[in-house]
Amino acid sequence: MSEPFGVYVHIPFCSQRCDYCAFATWTDRHHLQGAYLRALRADIERSALGPVSSVFIGGGTPTLVDGAELASVLAALPVVPGAEVTVECNPDDVTPALFQTYAEAGVNRVSIGVQSLVPHVLASLGRTHDAANVAAAVAAVRSVGIPTFNLDLIYGGAGETLADWRTTLEGALELDPPHVSAYALTVEAGTPLAADTARHPDDDDLADKYELADDLLSAAGRPNYEVSNWAVPGHECRHNVLYWQQGDYVGFGSAAHSHRRGRRWWNVRTPERYIAAVEAGQPTEAAGEDLDLDAQRIEGLQLALRMRDGVPAGALDTEGLEGLVIADGERVRLTRSGRLLANEVSLRLR
Ligand SMILES: C[S@@+](CC[C@H](N)C(=O)[O-])C[C@H]1O[C@@H](n2cnc3c(N)ncnc32)[C@H](O)[C@@H]1O
Ligand code: SF4
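For clarity, every value in this text was computed on a predicted model and none was experimentally measured. (Residues numbered from 1 in each chain as written. Chains lettered and ligands numbered in written order. Predicted model: local features only at pLDDT ≥ 70, side-chain atom pairs only at ≥ 80, totals over all residues. Heavy atoms only, no water.)

Draft legend 1. Local environment of the pairing of strand β10 (residues 257-260). The pairing of β10 with strand β11 (residues 263-267) spans four bridges and is antiparallel. By the bridge assignment, Arg260 is partnered in β11 with Arg263. Counting the residues in the hairpin turn of β10 and β11 gives two residues, including Arg261, whose phi is positive at 45°. (Pairing = 2+ DSSP bridges. Helix = DSSP H or I, 4+ residues; strand = E, 2+ residues; numbered from the N terminus.)

Here is the structure:
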């Protein structure tokens, strides 16, 4: 079998901007959608890719653009049989008809941006959906036979109590998701959230919420396999695992990142510039960098440390890290307390 090779496709449109979000997405450029999707198709076709083993269509909000047009972008990719093909969804956009279009196009996984199931937390995060939208989205996934899905959750929104977070976790588990990603709300520079310090999450509260998530998800048969990800065994996200194993992938669309054999590059940031570059037959790359072998090695260890299998025993100086790591002679792995301090432990990689 050939090496895994991933494709990321970025959809840079949202109906409204969440004030914690720093992703490259726009709410006032919907008129560009048609030209953007045409540019994606043309860019993919001219790239003459080899076999693709995973695809992730993310955003922004992929469910905002026309489903048949998105399907025609997917059709341009040389996807191998059995590949994982994921589309990121906002719960309030999706219908069984849209998912039927996706399923016919080969989409076999959706990732639903739930964030919370508690009304006042959703309101404080500025989200436009409610818990009923989430249940309807999951029912729609099942009704068209898309075989697996993820629920994205965020903890640490303003006013969220530990009991609220438990309500979200329990409500999510009632939907029987094969995969859950739970992210601590991150204060991203330049966002409205960054300017509003009263809403910044507290580290101790985030730690309590992480532990509650790990308790409930693990007890429900979804062990943790990467710091922020839990899955029923066999439902781990292959595309993300490819990133974390430093595999090769190419990103299409504005602001998309790529990595091939130690070289990283990223595309122009705005949809206008991306469309213009493709239409002119020019490269879409904005800039890139080559990682030397040592930088590649350390980065590989940093990513591996965040995963269940950890790093080779000699790669981490464990002195003083009691309680944060566990070693079995061959591998060193983070404990749950260690996962909360993964970045600090990473500083001891060698
Ligand atoms: C960029 S969004 C794209 C998907 C979709 N538009 C949505 O919001 O659900 C992907 C995921 O990133 C996470 N995310 C975005 N900004 C974040 C932040 N500041 N802190 C933590 N998670 C964040 C959310 O969980 C979200 O589901
Ligand atoms: S979090 Fe999702 S919906 Fe909100 S602005 Fe970012 S990409 Fe758009």
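Draft legend 2. Summary view of the site of ligand 2. Cys14, Gln16, Arg17, Cys18, Tyr20, Cys21, Gly60, Thr61, Asn90 and Arg127 make up every residue found near ligand 2. Here the shell around ligand 2 is built from residues that sort into four nonpolar, four polar and two charged. (Near = heavy atom within 4 Å. Nonpolar A, V, L, I, M, F, W, Y, C, P; charged D, E, K, R; others polar.)

Draft legend 3. Molecular detail of the pattern of salt bridges. The full count for this structure, using the stated rule, is 21 salt bridges. In this structure, Arg29 and Asp28 form a salt bridge, with 3.3 Å as the shortest nitrogen-oxygen distance. A relative accessible area of 51% means that Asp28 is categorised as exposed. A single salt-bridge network, built from bridges that share partners, covers Asp214, Asp215, Arg336 and Arg339. (Salt bridge = Lys/Arg side-chain N within 4 Å of Asp/Glu carboxyl O. Buried < 20%, exposed > 50% of the residue type's maximum accessible area, 1.4 Å probe, protein only.)

Draft legend 4. Focus on the sheet that holds strand β13 (residues 311-312). If you trace the three strands from one edge of the open sheet to the other, you get β13-β15-β14, paired in antiparallel fashion. The open sheet has two edge strands, β13 and β14 (325-327), and neither has a second partner.

Draft legend 5. Region of the structure containing helix α6 (residues 162-174). Counted at 1.5 Å a residue, the expected span for α6 with its 13 residues is 18 Å, and the 18 Å between its end C-alpha atoms agrees. Of all the positions in α6, only Asp164, Trp165, Thr168, Leu169, Gly171, Ala172 and Leu173 are classed as buried. Those residues of α6 hidden inside the fold are in contact with β4 (109-115), α4 (119-125), β5 (148-155), β6 (179-184) and α8 (203-219). Just downstream of α6, Asp176 is the residue with a positive phi angle, here 55°. (Expected span 1.5 Å × (residues − 1). Contact = heavy atoms within 4.5 Å.)

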